[in-house]
Amino acid sequence: MEQTKFELVYKEMFPFWGEISDADKDYICQNSYAFTYPKGKNIHDGRECSGVIFVRLGCLRLYMMSDEGKDITLYRLQKGDMCMLSASCVLDSITFDVFIDAEEDSECYVISGPAFAAVSERNQCIKIFALETAVSRFSDVMWVMQQILFMSMDKRLAIFLLDESARTGSDIIALTHGQIARYMGSAREVVSRMLKYFANEGIVEVSRKGIKILDKKRIRKLTL
């Protein structure tokens, strides 16, 4: 029953599913596991091959961390997204460490990295899919780097607030200044100072509940 559950999902998720043998399909399903991660749980610490992660419910955050312990969010995985960067044993070209935390209570399917790697060695279509999936995420990573290197702080913060509002479907951003700073790769003091400026301009309202966007038209202008 458990194997059938995985196969129904993988049939929809993997474009290569119809091209591989029944034995390889069974092997992938037999080496698949369903996990529930509580909010804040570290799922991948950057060192081991945790496997291919598929998000069924919730949200995961991928980030890099400096030797000093400062981290920067690369992107988030939402319901229906898949992560290949947690499976370094599948793609030899992954030579940097990423960390993954559950940003919300999350339900995931995880395919064993060594099992997925073994099947991909027998099926070129799987290896191509894995590479394309990993490469597609680098546009997100480059967007983060572009913001940090070339954009002013007010523009970066305006983009973040609008993106978060769109993601949650709410004008209230229920995050602390420290959390926002961590997602943006900045310092809490810098974020607090910019939010105070936005508040003084009537663009947002800052309270213990979070940040409420008051004037979306003005905040959109800041992103141009």
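Scroll up to find the structure.
In what follows, the accompanying structure is described. (Residues numbered from 1 in each chain as written. Predicted model: local features only at pLDDT ≥ 70, side-chain atom pairs only at ≥ 80, totals over all residues. Heavy atoms only, no water.)

Across its 13 residues, helix α4 (residues 124–136) extends 18 Å between first and last C-alpha, which sits within 8% of the 18 Å expected from 1.5 Å per residue. Taken as a whole, α4 has its buried residues at Ile126, Phe129, Ala130, Thr133 and Ala134. Each buried residue of α4 sits inside an arc of 125° when the element is viewed along its axis, so together they form one side. Looking at α4, the residues exposed on the side facing more than 90 degrees away from the buried face are Gln124 and Glu132. Where α4 is buried, its residues meet β6 (82–83), α3 (113–122) and α5 (138–150). (Helix = DSSP H or I, 4+ residues; strand = E, 2+ residues; numbered from the N terminus. Expected span 1.5 Å × (residues − 1). Buried < 20%, exposed > 50% of the residue type's maximum accessible area, 1.4 Å probe, protein only. Arc of directions from axis to C-beta. Contact = heavy atoms within 4.5 Å.)

Core analysis: the biggest nonpolar cluster contains 40 residues, and Tyr10, Phe14, Phe16, Trp17, Ile53, Leu60 and Phe116 have the highest contact counts within it. If you look at the next biggest cluster of nonpolar residues, it comprises 21 residues, including Ala158, Leu175, Tyr183 and Ile203. (Core = buried A, V, L, I, M, F, W, Y, C linked by side-chain atoms within 4.5 Å.)

Another aspect to go through is the sheet that holds strand β8 (residues 106–111). Taken in spatial order, the 4 strands of this open sheet run β1-β8-β3-β6, and their pairing is antiparallel. Pairing within the sheet leaves two strands with one partner each, and these edge strands are β1 (32–37) and β6. Bridging between strand β3 (residues 52–57) and β8 involves 5 bridges; their strand directions are antiparallel. Bridging across to β8, valine 52 finds its partner in isoleucine 111. (Pairing = 2+ DSSP bridges.)

Now for the sheet that holds strand β2 (residues 42–44). Ordered by their spatial adjacency, 4 strands build an open sheet running β2-β7-β4-β5, and the pairing between neighbours is antiparallel. The strands lining the two open edges of the sheet, one partner per strand, are β2 and β5 (71–77). The mean angle between the axes of side-by-side strands here comes to 35°, regardless of whether they run parallel or antiparallel. In terms of strand pairing, strand β4 (residues 60–65) meets strand β7 (residues 99–102) through 4 bridges, oriented antiparallel. Along β7, the bridge assignment pairs tyrosine 63 with phenylalanine 99. (Axes fitted to C-alpha atoms, helices over the stretch in contact; angles between N-to-C directions.)

What follows is about the packing of aromatic side chains. Taken as a whole, this structure holds 14 aromatic pairs when the rule is applied. For the pair phenylalanine 14 and phenylalanine 129, a centre-to-centre distance of 5.6 Å together with 85° between the ring planes defines the contact as edge-to-face. Of this pair, phenylalanine 14 sits in the loop between α1 (2–13) and α2 (22–30) while phenylalanine 129 sits in helix α4, placing them 115 residues apart in sequence. Judged by relative accessible area, phenylalanine 14 falls into the buried class, the value being 2%. The exposure class assigned to phenylalanine 129 is buried, which follows from its relative accessible area of 13%. Its guanidinium or amino end placed over the ring of phenylalanine 6, lysine 5 lies 5.5 Å from that ring's centre, counting from NZ or CZ. (Phe/Tyr/Trp six-rings, centres within 6.5 Å; stacked < 30°, edge-to-face > 60°. Lys NZ or Arg CZ within 6 Å of the ring centre and 35° of its normal.)

Now for the pattern of salt bridges. Taken as a whole and judged by the stated rule, the model has 13 salt bridges. A salt bridge links glutamate 164 to arginine 76; its shortest N-O distance comes to 2.6 Å. Of this pair, glutamate 164 sits in helix α6 (residues 153–168) while arginine 76 sits in strand β5, and the two are 88 residues apart along the sequence. On the basis of relative accessible area, glutamate 164 is assigned to the buried category, the value being 6%. Between arginine 188 and glutamate 189 there is a salt bridge, and its shortest N-O distance comes to 3.5 Å. Its relative accessible area of 46% is what places glutamate 189 among the partly exposed residues. Members of the salt-bridge network, linked through shared partners, are Arg76, Glu103, Glu104, Glu164 and Arg167. (Salt bridge = Lys/Arg side-chain N within 4 Å of Asp/Glu carboxyl O.)

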